[in-house]
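# Survey of secondary and tertiary structure
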Amino acid sequence: MTADPPHPAAADGAPPASGTPKRSSMPVALEVLHPITWFAPMWAFTCGVVSSGQPIWAHIGVLLLGITIAGPMVCGTSQAANDWFDRHVDAINEPHRPIPSGRLPGRSGLYIAIGWSVASLVMALGLGRWGFGAVLIGLVLAWAYSMPPARLKQNGWWGNLACGAAYEGLPWITGAAVMLDGPPNWKILVVAALYSLGAHGIMTLNDFKSVEGDLRTGINSLPAMLGVKRAGIVASLVMAIPQVVVVALLASWHFTGQAIAVSLLLAAQIGLMIWLMGKPKERAPAYNGSGTTLYVIGMMITAFALRP
């Protein structure tokens, strides 16, 4: 399909030709950092700290610094960069956002993303070599997801995989690595990878809200490529199967109670997935507030099980 030309505002972030910008209660610069998205990497970093088995209160400074970098800094960078490079798509899907509405004029959004990247790297020095290296990888993924020529989000398979890794697996592994001052054991690596894969499905559900703009601008998100119904089925399977593997691993490692707990959480998610498939696009936001909560609870239960 041929992509529509960029919105007239795309060149410099100027406001669209018509329409009244929607105001927000939060400062406009904070809007492009999307605080609501910070929770996932902050939670994953905490899971990594817990799974390391190290005494948390003895390293509370590392924990607080790590979750600040994972959430407000690196995740905030990714959100600001995405808003800048997606400004022509947002002019179609969400014209009230700061850049397409003109409330954040010129190249301000780009400068915020660059400044936050530099600040993230400076702060990462406090996490040692393992933390700094992980933050560098996270920033590379953050920019590669949105910025041409890589623009991983152009393909829903690769883009969502990068997001899942950056939101779940990388923070989890980083949390364990900075606590151990070395690479985590293979069990932590496997579980972090599985929860990263499951997050691919969560990212697919998040793409439902932007199908129209994706189709018009040539972004091959899974809902745009497969249709909403089939994308919902794929997302549900991708969320569920890694958790089945986690349950099997926990049982094989003799963490029976934790395996049962994660199984029950998964069963509840499957019930919600069946409900989701009735109206995938309309119900995806509600699922993200319920099924995803059950998903991350399972992550923490698993993290406690992995403690040496």
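Cut-off values and rules
- Residues numbered from 1 in each chain as written.
- Predicted model: local features only at pLDDT ≥ 70, side-chain atom pairs only at ≥ 80, totals over all residues.
- Heavy atoms only, no water.
- Salt bridge = Lys/Arg side-chain N within 4 Å of Asp/Glu carboxyl O.
- Helix = DSSP H or I, 4+ residues; strand = E, 2+ residues; numbered from the N terminus.
- Buried < 20%, exposed > 50% of the residue type's maximum accessible area, 1.4 Å probe, protein only.
- Axes fitted to C-alpha atoms, helices over the stretch in contact; angles between N-to-C directions.
- Parallel < 35°, antiparallel > 145°, perpendicular 65-115°, else oblique.
- Left-handed = near helix turned anticlockwise from the far one by under 90°.
- Contact = heavy atoms within 4.5 Å.

Here we take up the pattern of salt bridges. According to the stated counting rule, one finds seven salt bridges in the structure shown. In this structure, the salt-bridge partner of Glu-31 is Arg-103, at a minimum N-O distance of 2.7 Å. Here Glu-31 is found in helix H1 (residues 28-31), whereas its partner Arg-103 is found in the loop between helix H5 (98-101) and helix H6 (108-124), with 72 residues between them in sequence. For Glu-31, a relative accessible area of 12% translates into the label buried. Taking relative accessible area as the criterion, Arg-103 reaches 13% and is therefore assigned buried. One salt bridge in this structure joins Arg-151 and Asp-86, with 2.7 Å as the shortest N-O distance. On the criterion of sequence distance, the pair formed by Arg-151 in the loop between helix H7 (128-146) and helix H8 (156-180) and Asp-86 in the loop between helix H3 (60-85) and helix H4 (87-93) is long-range, its members being 65 residues apart. Among the charged side chains, a network of salt bridges with common partners joins Asp-83, Asp-90, Glu-94 and Arg-97.

This part covers the packing of helix H2 (residues 39-52) against helix H14 (residues 280-306). Across the interface, H2 lies against H14 with an axial gap of 7 Å and an inter-helix angle of 15°. Compared by their axis directions, H2 and H14 come out roughly parallel. The interaxial crossing formed by H2 with H14 has right-handed handedness. When H2 is examined against H14, the residues Phe-39, Trp-43, Ala-44, Thr-46, Cys-47, Val-50 and Ser-51 are found in contact with a partner set consisting of Val-296, Met-299, Met-300, Ala-303, Phe-304 and Leu-306.

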